[in-house]
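# An overview of the molecular structure
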Amino acid sequence: MAATATWERTDAGYTGVEPTADWAREVRRLADERDAVLLAHNYQLPEIQDVAHHTGDSLALSRIAANSSASTIVFCGVHFMAETAKILGPEKTVLIPDARAGCSLADSITADELRAWKAEHPGAVVVSYVNTTAEVKAETDICCTSSNAVDVVRSIPADRDVLFCPDQFLGAHVKRETGRENLHIWAGECHVHAGINGPELADRAAANPDADLFIHPECGCATSALYLAGEGIVAKERVKILSTGDMLTAAKETGARSVLVATEVGMLHQLRRAAPEIDFRAVNDRASCRYMKMITPAALLRCLREGADEVHVPADVADRARASVERMIAIGKPGGGE
Ligand code: SF4
């Protein structure tokens, strides 16, 4: 690839670079030159997943980042994920190809809002999903992933109030599983997952009677999937509520020939790679995260050429946030969250 290859900055991301074989070679060469490890989230564009050294869910990638011998982490995902990598590996340089790649779920609660909520419930234990900013994690007692959210809440004495944020669908799932009345839920949501709805799921399930249903608990349809199972409309054993990491494990173990997947569509690439013999279909083809898709071939090339955008977390915030993340890792099966 010509050393002069350029890109254009647009509101939707950096454009103007095609993901050719030359591009992939140049990306890997520049990564070696920077002593960088390339990490890609399961919702990234297929070409970004394919060029990365590792793909996975947010927590698995943060752990790889912390244990890697590379001095630089290039995190192809959204901003809170790169922040978590920095929290767990503060001595490393952490880069994200486009710092504008945010997250509507993480943005649904700020540290100030959480402080005000805590003031209304003195003595309550704060449990936050990993899709939160470093500042919110610093105000949190225990972080959780979708895999261990139920175990985290069960670890809290029954007489203590719990503040659960920011995802209302995951919160509803935890409340249902634990039967806990003193669990208060923040009304946040991810615009992508909220767009996958119950009626659509019911239609797709009826049209594909032999398919398994893999559902991420942040989906607006998680509640209706459990309802459909409870009513016998869909056989209980067909409905699987899974984090993205657990979906890959389930894909290798299911006997089903086809699977309907309710989460961001980028996940289909990893599932098809893991189990090519299975017909994986999205419940909603439009469930694509525009923030995840801001990590374009052009953005990654620019990141490696220019060493940008660097992610910083103030040391005091990182120290407090790290404590809540480490408590999460100590409880139950952390899995991978989103
Ligand atoms: S899919 Fe939703 S929760 Fe995930 S990064 Fe995008 S906006 Fe955030």
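A quick note: this is a predicted structure, and the numbers were derived from the prediction, not measured. (Residues numbered from 1 in each chain as written. Predicted model: local features only at pLDDT ≥ 70, side-chain atom pairs only at ≥ 80, totals over all residues.)

Interfaces are often sized by the amount of accessible area the parts lose when they come together. Along its sequence, the chain is carved into domain 1 (8-102 + 291-312), domain 2 (106-190 + 319-330) and domain 3 (192-282). For the side of domain 1 that touches domain 2, the secondary-structure elements that each account for two or more residues are helix 3 (58-67) and helix 4 (79-88). Broken down by element, the side of domain 1 that touches domain 2 gets its largest block of residues, 5 residues, from helix 4. Tallied by class, residues from the side of domain 1 that touches domain 2 come to 4 nonpolar, 3 polar and 1 charged. (Domains from an automatic or database assignment. Helix = DSSP H or I, 4+ residues; strand = E, 2+ residues; numbered from the N terminus. Nonpolar A, V, L, I, M, F, W, Y, C, P; charged D, E, K, R; others polar.)

Around the ligand there are 14 residues in total, and C103, L105, C190, V192 and C289 lie nearest to it. Looking at the shell around the ligand residue by residue, the class counts come to 8 nonpolar, 4 polar and 2 charged. Per-domain counts for the shell around the ligand show at least three residues from each of domain 1 (8-102 + 291-312) and domain 3 (192-282). (Near = placed C-beta within 6 Å.)

A word on the packing of helix 4 against helix 15 (residues 315-330). Running from N to C, helix 4 and helix 15 cross one another at 95 degrees; their axes reach a closest spacing of 9 Å. One way to sum up the angle between helix 4 and helix 15 is to call them roughly perpendicular. Only A318, A321, R322 and V325 of helix 15 make contact with helix 4, whose side of the interface consists of T84, K86, I87 and L88. Split into classes, the residues belonging to the contact of helix 4 with helix 15 amount to 5 nonpolar, 1 polar and 2 charged. (Axes fitted to C-alpha atoms, helices over the stretch in contact; angles between N-to-C directions. Parallel < 35°, antiparallel > 145°, perpendicular 65-115°, else oblique. Contact = placed C-beta atoms within 7 Å.)

Counting 111 residues, the largest nonpolar core has L39, V74 and A262 as the members making the most contacts within it. If we skip the residues at most four places from it in the chain, L39 touches A52, H54, L61, I64, A65, I73, V74, F75 and C76. (Core = buried A, V, L, I, M, F, W, Y, C linked by C-beta atoms within 7 Å. Buried ≥ 20, exposed ≤ 12 C-beta atoms within 10 Å, placed from the backbone.)

On to the sheet that holds strand 13 (residues 258-262), then. Strand order across the open sheet formed by 4 strands is 12-11-13-14, with parallel pairing between neighbours. In the strand order of this sheet, the two ends are held by strand 12 (239-241) and strand 14 (279-282), each with one partner. Here the strands of the sheet are splayed against their neighbours by 25 degrees on average, with no regard to which way each runs. As paired strands, strand 11 (residues 212-215) and strand 12 are joined by 3 bridges and run parallel to one another. Of the residues in strand 12, the one forming a bridge with I215 is I241. (Pairing = 2+ DSSP bridges.)

The next point concerns the sheet that holds strand 6 (residues 93-95). Strand pairing in a sheet relies on backbone hydrogen bonds, with the paired strands running either antiparallel or parallel. If you walk across this open sheet you meet the 4 strands as 4-3-5-6, and the pairing is parallel. This sheet does not close on itself; its edge strands, each paired only once, are strand 4 (54-56) and strand 6. Averaged over all pairs of adjacent strands, the angle between their axes in this sheet comes to 25 degrees, without regard to strand direction. In this structure, strand 3 (residues 36-41) lies alongside strand 4, joined through 3 bridges in parallel fashion. Across the sheet, A40 pairs through a bridge with T55, a residue of strand 4. Strands in contact with helix 4 are strand 3, strand 5 (72-76) and strand 6; relative to strand 5, the strand with the most contacts, it is inclined by about 155 degrees.

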